[in-house]
Amino acid sequence: RLEEGRVLSSNNYLSELLISEYPIDFSKDLSTYRIKINNESRLTISYNQEDPNATVLIEGNNALKNGSKILIKVTSEDKKVRTYTIIIEKEWFYV
């Protein structure tokens, strides 16, 4: 239940996005990233939301192949969605 007078947050930003073994230069305002990976079929992704009440859903982080897209959807309390996209490039010898 929402406290009287409290406004729902519209903050749907991540403050941090980490991909195990693959450094990215994360900026909360940049929505698309490309990474070159080896032969993993799945990545270990960790994150922190700016607003702890925002929810995060990760889609597409399985059966990765060249051109796969991992979508990280951050939904604010007021239901606005921001999507961060990670585009996968496999090393040529794994394609």
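The rules behind each value
Residues numbered from 1 in each chain as written. Predicted model: local features only at pLDDT ≥ 70, side-chain atom pairs only at ≥ 80, totals over all residues. Heavy atoms only, no water. Helix = DSSP H or I, 4+ residues; strand = E, 2+ residues; numbered from the N terminus. Buried < 20%, exposed > 50% of the residue type's maximum accessible area, 1.4 Å probe, protein only. Contact = heavy atoms within 4.5 Å. Polar contact = N/O pair within 3.5 Å; in protein donor to acceptor, adjacent residues only side chain to side chain. Salt bridge = Lys/Arg side-chain N within 4 Å of Asp/Glu carboxyl O. Pairing = 2+ DSSP bridges. Axes fitted to C-alpha atoms, helices over the stretch in contact; angles between N-to-C directions. Core = buried A, V, L, I, M, F, W, Y, C linked by side-chain atoms within 4.5 Å.

Some remarks on the environment of isoleucine 86
Here is step 1: By secondary structure assignment, the location of isoleucine 86 is in strand E6 (residues 81-90).
Here is step 2: Accessibility expressed as a relative area gives 0% for isoleucine 86, which makes it buried.
Here is step 3: Through-space distance from the C-alpha of isoleucine 86 to that of glutamate 3 is 37 Å; in sequence the pair is 83 residues apart.
Here is step 4: Those residues in contact with isoleucine 86 that lie beyond four places of it in its chain are Leu17, Ile19, Tyr33, Ile35, Ile45, Ser68, Lys69, Ile70 and Ile72.

Some details on the environment of aspartate 78
Here is step 1: Note that aspartate 78 resides in the loop between strand E5 (69-75) and E6.
Here is step 2: In sequence terms aspartate 78 and serine 9 are 69 residues apart; their C-alpha atoms lie 6.0 Å from each other.
Here is step 3: Contact partners of aspartate 78, with chain neighbours within four places excluded, come to Leu8, Ser9 and Ser10.
Here is step 4: For aspartate 78, the side chain forms a polar contact with the side chain of serine 76, separated by 2.4 Å.

Details of the pattern of salt bridges
Here is step 1: Per the stated rule, a full pass over the model turns up 5 salt bridges.
Here is step 2: Between arginine 34 and glutamate 89 there is a salt bridge, with the nearest N and O atoms lying 3.4 Å from each other. With a gap of 55 residues between them, arginine 34 in strand E2 (residues 32-37) and glutamate 89 in strand E6 connect regions that are remote in the sequence.
Here is step 3: When its relative accessible area of 56% is taken as the criterion, arginine 34 is described as exposed.

Brief notes about the sheet that holds strand E4 (residues 55-59)
Here is step 1: Spatially, 4 strands are ordered E2-E6-E5-E4 in an open sheet, and the strand pairing comes out mixed. Here the strands that pair on one side only, and so sit at the sheet edges, are E2 and E4. Sheet twist, expressed as the average angle between the axes of neighbouring strands with direction ignored, equals 20°.
Here is step 2: Relative to E6, E2 runs parallel, the two being bridged by 6 bridges. Bridge pairing in E6 places lysine 36 opposite glutamate 89.

Some remarks on the side chain of serine 76
Here is step 1: Inspection of the secondary structure puts serine 76 in the loop between E5 and E6.
Here is step 2: For serine 76, a relative accessible area of 2% translates into the label buried.
Here is step 3: Those residues in contact with serine 76, other than ones at most four positions away along the chain, are Ser9, Ser10, Asn11, Asn12 and Ala54.

Side note on the nonpolar core
Nonpolar side chains tend to gather and get buried jointly when the protein is soluble and globular.
Here is step 1: Ranked by internal contacts, the top residues of the largest apolar core, which has 19 residues, are Leu43, Ile72 and Ile86.
Here is step 2: The set of elements that each furnish at least two residues to this core consists of strand E1 (14-19), E2, E5 and E6.
Here is step 3: Setting aside residues no more than four positions away along its own chain, leucine 43 makes contact with Ile19, Tyr22, Ile35, Ile37, Asn61, Leu64, Ile70 and Ile88.

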